[in-house]
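# Overview (structure and organization)
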Amino acid sequence: MANLRFTEQPLSEWMRSGGKESEIVISSRVRIARNLLNRPFPMLATNQQSEDVLNQLESVLQDQRMQQFGPLSSVLLADLDELDKKVLVEKHLISPNLANESRYGAVFISDDESLSIMVNEEDHLRIQCLYPGLQIEEAWEKATAVDDIFEAQVDYAFDDNRGFLTSCPTNVGTGLRASVMMHLPALVLTQQINRILSAVSQVGLTVRGIYGEGSEATGNLFQISNQITLGQSESEIIENLYSVVMQIIEHEKSARERLLSESRLRMTDRVMRSYGILLYAAIIDSKEAAQRLSDVRLGVDLGLIDTLPVQVLNELNVMTQPGFLQKKFQVSMSPGERDMYRAKLIREKLGK
Amino acid sequence: MHCQECGKRPATLHFTKIVNGEKTEFHICETCAREKGELIPGTSGGFSIHNLLSGLLDFTPGSHAHGTKAPENLRCEECGLTYSQFSKLGRFGCSSCYKYFNDRLDPLFKRVHGNTVHVGKVPKRVGGHIQIKRKLDDLRRELQYRIHQEEFEEAAALRDQIRELEKNISEE
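Just so we're clear, the structure is a prediction, and the values are computed from it rather than from any experiment.

## Examining a negative patch on the surface
Residue and element names in this part refer to chain A.
- There is a patch of like negative charges on the surface, built from Glu137, Glu141, Glu236 and Glu239.
- For the negative patch, the secondary structure elements donating two or more residues are helix H5 (136-153) and helix H8 (234-262).
- Looking at where Glu137 falls in the secondary structure, it is placed in helix H5.

## Structural notes on the sheet that holds strand E3 (residues 106-110) of chain A
Residue and element names in this part refer to chain A.
- The strand order across the open sheet formed by 8 strands is E2-E3-E4-E5-E1-E8-E10-E9, and the pairing between neighbours is antiparallel. Across the chains shown, the open sheet's two edge strands, defined by having one partner strand only, are strand E2 (72-76) and strand E9 (205-208). Neighbouring strand axes in the sheet, compared pairwise and without regard to direction, differ in orientation by 20 degrees on average.
- Bridge analysis of strand E1 (residues 25-34) against strand E5 (residues 125-132) gives 8 bridges, and the strand direction is antiparallel. Residue pairing in the sheet places Ile32 in a bridge with Ile127 of E5.
- Each of E1, strand E4 (115-119), E5 and strand E8 (176-183) is contacted by H5, which is oriented at about 150 degrees to E5, the strand it contacts most.
- Most of the contacts of helix H7 (residues 193-201) go to E9, to which it runs at about 135 degrees, and overall it touches E9 and strand E10 (221-226).

## Quick word on the packing of aromatic side chains
- Applying the stated criterion across every chain yields a total of 9 aromatic pairs over all chains.
- Centre to centre, the rings of Tyr156 of chain A and Phe164 of chain A are 6.0 Å apart; their planes meet at 80 degrees, and the pair counts as edge-to-face.
- We classify Tyr156 of chain A as buried; its relative accessible area is 0%.
- Look at Phe164 of chain A and you get buried, because its relative accessible area is 1%.
- Seen from their ring centres, Phe329 of chain A and Tyr341 of chain A are 4.7 Å apart, and the 40 degrees between their planes marks the pair as tilted. Of the two residues, Phe329 of chain A is situated in helix H12 (residues 322-329) and Tyr341 of chain A in helix H13 (residues 335-351); the sequence distance between them amounts to 12 residues. Like Phe329 of chain A, the residue Tyr341 of chain A is buried in the burial classification.
- Grouped by ring-pair contacts, the aromatic residues Tyr83, Phe86, Phe92, Tyr98, Phe101 and Phe109 of chain B constitute a single cluster.
- Stacked on the ring of Phe164 of chain A, the Lys or Arg Arg34 of chain A has its end atom at 3.4 Å from the ring centre.

## Let's talk about the environment of Ile24 of chain A
Residues and elements named next belong to chain A.
- Position of Ile24 among the secondary structure elements: in the loop between helix H1 (5-8) and E1.
- Under the relative-accessibility criterion, Ile24 is labelled buried at 2%.
- For the pair formed by Ile24 and Arg264, sequence separation is 240 residues and the distance between their alpha carbons is 19 Å.
- Among residues more than four places away in sequence, those in contact with Ile24 are Met181, Met182, His183, Leu184, Ile249, Glu252, Lys253 and Arg256.

## Structural notes on the UniProt feature "domain: UVR" (unreviewed entry) in chain B
- Taken from the UniProt record, the annotation "domain: UVR" (unreviewed entry) applies to residues 133-168 of chain B.
- Annotation note: span residues 133-168 of chain B, helix share 92%, strand share 0%, distance between end C-alpha atoms 11 Å.

## Notes on the environment of Gln68 of chain A
Residues and elements named next belong to chain A.
- Assignment of secondary structure puts Gln68 in the loop between helix H2 (47-59) and E2.
- In sequence terms Gln68 and Val146 are 78 residues apart; their C-alpha atoms lie 9.9 Å from each other.
- Looking at Gln68, its side chain comes within polar contact range of the main-chain oxygen of Arg65, at 2.9 Å.

## Some words on H2 of chain A
All names here are of chain A.
- Between its first and last C-alpha, H2 extends 18 Å over 13 residues, near the 18 Å set by a 1.5 Å rise per residue.
- When H2 is considered as a whole, its buried residues turn out to be Ser50, Val53, Leu54 and Leu57. Buried residues along H2 cover an arc of 100 degrees about the axis, so they all sit on one side.
- The elements touched by buried residues of H2 are E2, E3, E4, E5 and H5.

## Here we look at the interface of chain B and chain A
- Contacts between chain B and chain A engage 45 residues on the former and 48 residues on the latter.
- On the surface where chain B and chain A come into contact, there are 6 salt bridges.
- Arg91 of chain B is the partner of Glu122 of chain A in a salt bridge, and the nearest nitrogen-oxygen pair spans 3.2 Å.
- Looking at the side of chain B that touches chain A element by element, the count peaks at 7 residues for helix H6 (residues 102-113) of chain B.

Thresholds applied
- Residues numbered from 1 in each chain as written.
- Chains lettered and ligands numbered in written order.
- Predicted model: local features only at pLDDT ≥ 70, side-chain atom pairs only at ≥ 80, totals over all residues.
- Heavy atoms only, no water.
- Patch = residues over 30% accessible without salt bridge, like charges linked within 9 Å, V, L, I, M, F, W, Y side chains within 5 Å.
- Areas by Shrake-Rupley, 256 points an atom, 1.4 Å probe, with all protein chains shown as cover.
- Salt bridge = Lys/Arg side-chain N within 4 Å of Asp/Glu carboxyl O.
- Lys, Arg positive; Asp, Glu negative; His and termini not counted.
- Charge placed at Lys NZ, Arg CZ, Asp CG, Glu CD.
- Helix = DSSP H or I, 4+ residues; strand = E, 2+ residues; numbered from the N terminus.
- Pairing = 2+ DSSP bridges.
- Axes fitted to C-alpha atoms, helices over the stretch in contact; angles between N-to-C directions.
- Contact = heavy atoms within 4.5 Å.
- Phe/Tyr/Trp six-rings, centres within 6.5 Å; stacked < 30°, edge-to-face > 60°.
- Buried < 20%, exposed > 50% of the residue type's maximum accessible area, 1.4 Å probe, protein only.
- Lys NZ or Arg CZ within 6 Å of the ring centre and 35° of its normal.
- UniProt positions renumbered as here; feature names shortened; annotations may be inferred.
- Polar contact = N/O pair within 3.5 Å; in protein donor to acceptor, adjacent residues only side chain to side chain.
- Expected span 1.5 Å × (residues − 1).
- Arc of directions from axis to C-beta.

See the structure below:
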C-alpha cells in the first residue's frame, strides 16, 4: 500500500479538540476484547481459520448501523511496510502486538481515527475508542455500541460464569481495559508521584508507559488503567478509574499551584530553558525531547508561555517518535541520525 | 529433556503448533527459540505479562497439602492445548480451554482479579437466559423487600412477574 492516509498526518482528528481536563489528561481510551465462538484463538489458529475470522468480522462493517461511525477503512497488516506499522503504533491506532502478528491481522479505522477495530490480535476482535481529554464514559459508550452491532451478527465466546472468554486470563470477564493518559509533571517535580502511583496500584489500577505494557513513562506521561476485568461491572470499572483520575488531577493541580506560587522564577527558568533548547538544538534524543516537551507543555498550561498552541505539542509528541520521523523525511535513519532529524523537525515546527 | 534444536541445552519451552490440523510438538531451549524466531507464539519475545502469569499458573491449589498437581494429561479436547502448555504460555488456546481447565481456574482468577465470576455486560443473543436469570434475582430481592415493608399489593404484582419469567425459562 503506497499511501496510507493514517500514517501521513501525525495528529488524529480526534486529538484536535481538547476535551475535559485537557490540561492534565491527554486522552482517554477504552478497549474491549471479544472472541468468536468455536474458533481457536489467534495464537493457535491456522491461516485458513484466521482468514475466516477476518472475513466474518469484516462483513459486519456492511451493517447499516455501522454507518453512524462514518466510513471505516480496512487495512490488512500484511499490506503495510514496517514503517507504516510503526507509525500506526505510535498513533495508538494499533497495538504493538498486532504490528508483530501480521497473519491476517487487520484493523478497521474510522475517518477521524477515534475508532479502531483490530482483528486477529491476541483476541479475534478488539474494539478501541480514543478520545481527547477525560472522556472515559464517552469512549465506553461508543465501544459498547460497536460491540452490540458485532454481537448482533456473530456468536461470541461467552460463559455464564466467566463472561467474555479471552485469550489471556487477565482480560476475561468484561474484556474491558479503560485507560487514561495523564501528564503529571508537577507531581514528578515535587516527588509525590511514587506515593500516588503505589496508592493507585492498591485500588486495582495499574500504571504503564505511554505505549502500553512494558514501555517506559517518558515525558511525565503516565497511563492509568484498570487491572481487574472479572467480578466488576463495566460501569464500576469506569467509575473507579474516573474517581481515581479525578483525585490525581486535583493533586497535580495543587502541586502546580504550589510550584507557581513558591518558585515562580525557577519554574519560568526551567520552562524557558527547555523551550530554548527545543528552538535551537541541533541534535536531541527522544528522551530529552519528551522531557523538554513536557516542560514546555507545563509552561503553556501555567500561562508562562502564551504564544504556543498546545496542539503543536500534541503533534510533536507523535512526530518525534522514530517511525514518524522516518516517514516524514522519507529516509531510513540510524538512531544518531534520528536525533538530528528530530531536532530539525522540532525547530521547524516551533519556529513558525 | 534436551533441546531438540541444539541438543545441548535443556529444553525449557514446550509447545504444540497446529497448522491445518497437523500437530507438531516443540521442545526447545530459549536461545534456539529466539534464534529461530519460534519464541512463544504471539509474543514479541522478552519479558511479558504472560511470563508473569505462568509464574502464577504454576501455583496449583493444595498441591503441597494434597498432592493434586495438574495431571500430565489434562488438556483441552477442543484445541489440544495441555494445561502445562497453558501454564507456560499464560494464554488459552480456545474458549473450550476454560471448560476443560475450569477446576483449576478459580485460584488463578482470584489472584489476578480478586474475583471468579463475571457480573458485567451480557451479550443479548448468546446470553439471553442470563439476563432473565439476573432479572429474576432482582425481582425476588424486591419481592422480599416489599413483603418486609408489608406492601402486599406490590408484592403480588412482583410475584406474578416472577412466575411469568419462570414460565418463559422452563419453556425454552
